[in-house]
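Summary of the model geometry
Residue-level listing of the chains:
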Amino acid sequence: RIMRPDDANIAGNVHGGTILKMIEEAGAIISPRHCNSQAGEPCVAALARVERTDFLSPMCIGEVANVSAEITYTSRHSVEVQVNVMSENILTGAKKVTNKATLWYVPLSLKNVNKVLEVPPIQYARKEQEDEGKKRYEEQKLDRLETKQRNGDVILPVINPEPHTVGYSQSSLIHLVGPSDCTLLGFVHGGVTMKLMDEVAGIVAARHCKTNIVTASVDAINFHEKIKKGCVITVSGRMTFTSNKSMEIEVFVDADPFVDEPRERYRAVSAFFTYVSLSKEGKPLAVPQLLTETEDEKRRFEEGKGRYLQTKAKRQAQMQQAAQQ
Amino acid sequence: RIMRPDDANIAGNVHGGTILKMIEEAGAIISPRHCNSQAGEPCVAALARVERTDFLSPMCIGEVANVSAEITYTSRHSVEVQVNVMSENILTGAKKVTNKATLWYVPLSLKNVNKVLEVPPIQYARKEQEDEGKKRYEEQKLDRLETKQRNGDVILPVINPEPHTVGYSQSSLIHLVGPSDCTLLGFVHGGVTMKLMDEVAGIVAARHCKTNIVTASVDAINFHEKIKKGCVITVSGRMTFTSNKSMEIEVFVDADPFVDEPRERYRAVSAFFTYVSLSKEGKPLAVPQLLTETEDEKRRFEEGKGRYLQTKAKRQAQMQQAAQQ
Amino acid sequence: RIMRPDDANIAGNVHGGTILKMIEEAGAIISPRHCNSQAGEPCVAALARVERTDFLSPMCIGEVANVSAEITYTSRHSVEVQVNVMSENILTGAKKVTNKATLWYVPLSLKNVNKVLEVPPIQYARKEQEDEGKKRYEEQKLDRLETKQRNGDVILPVINPEPHTVGYSQSSLIHLVGPSDCTLLGFVHGGVTMKLMDEVAGIVAARHCKTNIVTASVDAINFHEKIKKGCVITVSGRMTFTSNKSMEIEVFVDADPFVDEPRERYRAVSAFFTYVSLSKEGKPLAVPQLLTETEDEKRRFEEGKGRYLQTKAKRQAQMQQAAQQ
């Protein structure tokens, strides 16, 4: 698909959220196709988790995004999908790896949306592939449980905040879930949610540094609960950490099922986005340091620093790998 | 244009904002066409004001909206456009008047966006038409000035509000202005702004009464300042008044030109929207009374009551007129 | 790509226009990729013509459209692209051929939009492939010239028309060409134009027979002139012919470059669309006969009948071919 002005910011860089949405669409096609490949109850697949993903190089308006997807592991009730995105400049023919993402889907019965179905097993070329897949499966299961527990936080408004404080750049948007945001079963596509999350994170980052910013990476995203058509969702973001040249933003998605269903607002998704600021020549710029005021803000800053140092090594390895391809 | 699922709420009623956007598109086509009809500097037209408009009957998915526009008055620097919207059920052939709106545009030079150009005068069939137009022109000019003065209010967040208070339903969204929101000159289309305003007002109304709601009318909207591509706009709404069967919501649009231009956030637009709650059969329902707490809330409630009583008579007259057509 | 509610009519059948848009996007990716494959001036490709295409089976919401494209012939200045569309039901795994379309593109220089570039020749597996391609090339060239000549007609409004006359169902819409409708060079994507044409043709068909209608085929579409960003386009449609179970609608696209360029309105595209009316079970229904009143209407009806009888044989052959796959 050709990238259009609507997919990009005013500097011409395609929004990370547009790419996340394409990645999820690929997963949402390949996983029910697999699950429905054997006779049995028809199903749709619900996105349960997206593993950490890096944006290795920015994509621009006019380039073509090539998305390919493959099923790499199946547990009894879930499917792991590997999605690769390449950007292709059709004027020069140049191709670059833009993203590699891993998504987990759970098949739900078309007739009864609360019933999780069984996944037909895939064949592995080598025994090690199955073992590695199983390891990834166990790790993400554990992480999903942990995230669910530390998920009660809310973003409180701040009156007249100082520049570069957390309160200065924090932002939120509301969105009424319409029919075209939803799957056949009437639940919001994971890709739609991720695009809104990237939009809010991008506004937080731009408010903080007031320059052209792009998504550098997204931490693992867990989809704790489905969001139904007709809900109002509130997507809120606050900055948690800055390094010399990157900003980490925590994003929450809360759903408010206010029509029809008398139910309380609930936390549906949360994740960390990392942004960098780019000069007109596309070079990373220094970003202003985040000013932390409260104890909670200082604690979150230290936690963010931990994540930053941990993933810095990993990211450098991946960049080298991508450069060699 | 056929109304699609995305144009409507989950009950199938087309959003007032979608209709406002179509109305403005018609005005944005006819007014520069007129202003460019004579040799001279090429221009685009900027929306300056929309007169109060009533939604006479709801439009539904699958119906065709017919929009017609006509220039009814020209002053030296502005154009008055009358737009009519009819809904047509193409299966039964039934047609209904949905809206009548009056818009004011100002022509700006394509080369220098701060230069207001002169408008070629139109010919009037009768002298009275010109006189009546001039009267409407003077009235709106006065009203625009007045609105500009009482425009400094902000919506402050409330922690843990009680149901049916102002704080309980107040809502805001942020939107990053993208290329397809804008005119050729890089300014946000008035119709895009009005659609977002209706979206926020609708969420406030739905949060208050938790039923299916539709736009009944929009008070005069003044566009005080242009909003540029790349701005973040914050659209906030709060309930100001409830009658037995209607809710009045005040909506503000603030623009934040944070990239490129180091300028303070400014109030770009403000307006009052009136909503009604509909049963499944399309009958108006009673709405919960708004609980006012502060002195300001009580004052705004009384002001809203004034507007309500004033327009009640007018609206009834219009309904009768529409019923006779 | 998964088909969503917005891609379809209220009966769930995907609009022919959505499919035409996807077909054109595939062509708009593959043809510049080919033309830029050799060192030389970089180019984009402008859609010059779409050959007659049949909609072999309707596509529904929730199905996945698989679009594949291949270059089948190159002349000195044009590229022929063959695009196939398959619909896939990911719940049942069933696949059906939906469309086969042939498109012609002309490469234009990125630096000078009025300069047509040369196309690198492709290799043919067999000599006959080249000869057949050359024959198709000559035929379409001739047809393009002919269409250009008989292109001056306009659709005049009719007051109080009788049901089933031409004036009763004729329709038109205007659209302001925005940035996201356009290519890198600022010209409207052919697919965007075709989608609007299908929308108008669908409204004409629904007004005539007042039932659920779907696109059955589109006659060859010639793109006589490019349409620039900022133009207003008027898309008009009128019924020209009815058989027992089909309706033929002629659609015109006129462009009005009222900003920037002081140029007269011009005819940019014209084509014939054929629609059928479907029952709730998806069976074709009888359609009311078109009542022709003027000499021109009677002549156009006879011409339509000629096209109908001519293509009936071809279509039956294609249906049989598709049924065998």
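Everything numeric in this text was worked out from a predicted model, so none of it was measured.

**Here's the deal with the domain arrangement of chain A**
Residues and elements named next belong to chain A. Taken domain by domain, chain A consists of domain 1 (2–146) and domain 2 (166–300). Centre-to-centre separation of domain 1 and domain 2, based on C-alpha positions: 20 Å. Of the residues lining the interface, 27 residues belong to domain 1; the matching set on domain 2 comes to 25 residues. Summing both sides of the interface, domain 1 and domain 2 together bury roughly 2,100 Å²; the carbon and sulfur share of this comes to 62%. The three residues of domain 1 that bury the most area against domain 2 are Leu-20, Lys-21 and Arg-52, which together make up 21% of that side's buried surface.

**A word on the interface of chain A and chain C**
Reports of interface size often rely on the accessible area that becomes lost once the parts have come together. With 27 residues of chain A at the contact, the number on the chain C side is 27 residues. Between chain A and chain C lies a buried interface of about 2,200 Å² when both sides are counted; carbon and sulfur atoms form 63% of it. Of all residues in chain A, the largest losses of buried area upon contact with chain C belong to Arg-4, Ile-90 and Leu-91 of chain A, amounting jointly to 29% of the total for that side. Our count for the contact surface shared by chain A and chain C stands at 3 salt bridges. There are 5 residue pairs in polar contact (both at pLDDT 80 or more) connecting chain A and chain C. For the side of chain A that touches chain C, the elements supplying multiple residues, two or more each, are α1 (16–35), β1 (43–50) and β3 (64–74) of chain A.

**Section: the relation of the copies chain A and chain C**
Each copy of the sequence occupies a distinct position, and chain A is placed on chain C by a rotation of 180° and an axial shift of 0.1 Å, giving an RMSD of 0.1 Å. Such values leave the two copies arranged in the relation of a two-fold axis. Minimal C-alpha separation from the rotation axis in chain A is found for Arg-1 of chain A, amounting to 5.0 Å. Looking at the interface residues of chain A, 100% of them are also at the interface in chain C, so both copies use one shared face.

**A look at the side chain of Thr-18 of chain B**
Residue and element names in this part refer to chain B. As for its position among the elements, Thr-18 is in helix α1 (residues 16–35). The exposure class assigned to Thr-18 is buried, which follows from its relative accessible area of 3%. In contact with Thr-18, other than residues within four places in its own chain, are Arg-1, Met-3, Asp-7 and Lys-195.

**Regarding the environment of Ala-268 of chain B**
All names here are of chain B. Relative to the assigned elements, Ala-268 resides in strand β11 (residues 266–278). Owing to a relative accessible area of 0%, Ala-268 belongs among the buried residues under this scheme. For the pair Ala-268 and Ala-26, spaced 242 residues apart in sequence, the C-alpha separation works out to 22 Å. Ignoring any residue separated from it by four or fewer positions in sequence, one finds Ala-268 in contact with Asn-222, Phe-223, His-224, Glu-225, Ile-227, Val-253 and Asp-254.

**Considerations on the environment of Cys-60 of chain C**
Residue and element names in this part refer to chain C. Looking at where Cys-60 falls in the secondary structure, it is placed in the loop between β2 (53–54) and β3 (64–74). On the accessibility criterion, Cys-60 (32% relative accessible area) is partly exposed. With 49 residues separating them along the chain, Cys-60 and Ala-11 place their C-alpha atoms 9.0 Å apart. Residue contacts for Cys-60: discarding those within four places in its chain leaves Met-3, Gly-12, Asn-13 and Val-14.

**So, the UniProt feature "active site" (unreviewed entry) in chain A**
Residues and elements named next belong to chain A. Under the present numbering, the feature "active site" (unreviewed entry) in UniProt falls on Asn-9 and Asp-198. On the basis of their most widely separated C-alpha atoms, the annotated residues across 190 residues gather in one place, lying no more than 12.1 Å apart. Note on placement: Asn-9 falls in the segment before α1. Under the relative-accessibility criterion, Asn-9 is labelled buried at 15%. Not counting the four nearest positions on each side in its chain, Asn-9 is found in contact with His-15, Asn-212, Ile-213 and Val-214. The contacts of Asp-198, once residues within four sequence positions are left out, are His-15, Gly-16, Gly-17, Thr-215, Phe-273 and Tyr-275. Here the side chain of Asp-198 touches Thr-215 through a polar contact of 2.8 Å, side chain to side chain.

**Re unusual backbone geometry**
Backbone geometry places Lys-210 of chain A, a non-glycine residue, at a positive phi of 55°. Overall, Lys-210 of chain A belongs to the partly exposed group, its relative accessible area being 37%. Despite not being glycine, His-164 of chain B has its phi angle at roughly 70°, a positive value. Mapping His-164 of chain B onto the fold places it in the loop between α2 (127–149) and α3 (166–169).

**Some details on the pattern of salt bridges**
Summed over all chains, the structure comprises 58 salt bridges over all chains. Via salt bridges that share partners, Lys-21 and Glu-25 of chain A together with Arg-4 of chain C belong to a single interconnected network.

**Digging into the pairing of strand β3 (residues 64–74) of chain B**
Residue and element names in this part refer to chain B. Here 10 bridges tie β3 to strand β4 (residues 79–88), and the two strands are oriented antiparallel to one another. Note on β4: the bridge partner recorded for Asn-66 is Met-86. Linkage of β3 to β4, two consecutive antiparallel strands, is achieved through a turn of 4 residues.

**Digging into the nonpolar core**
With 154 residues, the main nonpolar core has Ile-227 of chain A together with Ile-227 of chain B as its most contacted residues. Those residues in contact with Ile-227 of chain A, other than ones at most four positions away along the chain, are Val-177, Gly-186, Phe-187, Val-188, Ile-233, Val-253, Ala-255, Tyr-266 and Ala-268 of chain A. Grouped together as the second largest cluster of nonpolar side chains are 79 residues, Ile-90 of chain A together with Met-22, Val-269 and Ala-271 of chain C included.

**Quick word on the interface of chain B and chain A**
With 29 residues of chain B in contact, the opposing surface of chain A contributes 30 residues. With both sides pooled, the region where chain B packs onto chain A buries about 2,500 Å², and carbon together with sulfur makes up 69% of that total. Considering only the surface of chain B that becomes buried against chain A, Ile-10, Ile-174 and Phe-258 of chain B emerge as the three largest contributors, covering 25% of it. Across the contact surface, chain B and chain A share 2 salt bridges. Put simply, Arg-207 of chain B and Asp-256 of chain A hold a salt bridge, and the shortest N to O gap is 3.4 Å. At the surface where chain B touches chain A, the tally comes to 2 residue pairs in polar contact (both at pLDDT 80 or more). Looking at the side of chain B that touches chain A, the elements with two or more residues in it are β6 (171–176), α4 (190–209) and β9 (232–242) of chain B.

What counts as what
Residues numbered from 1 in each chain as written. Chains lettered and ligands numbered in written order. Predicted model: local features only at pLDDT ≥ 70, side-chain atom pairs only at ≥ 80, totals over all residues. Heavy atoms only, no water. Domains from an automatic or database assignment. Contact = heavy atoms within 4.5 Å. Buried area = accessible area lost by both parts, 1.4 Å probe. Salt bridge = Lys/Arg side-chain N within 4 Å of Asp/Glu carboxyl O. Polar contact = N/O pair within 3.5 Å; in protein donor to acceptor, adjacent residues only side chain to side chain. Helix = DSSP H or I, 4+ residues; strand = E, 2+ residues; numbered from the N terminus. Least-squares fit on C-alpha atoms with pLDDT ≥ 70 in both. Buried < 20%, exposed > 50% of the residue type's maximum accessible area, 1.4 Å probe, protein only. UniProt positions renumbered as here; feature names shortened; annotations may be inferred. Pairing = 2+ DSSP bridges. Core = buried A, V, L, I, M, F, W, Y, C linked by side-chain atoms within 4.5 Å.

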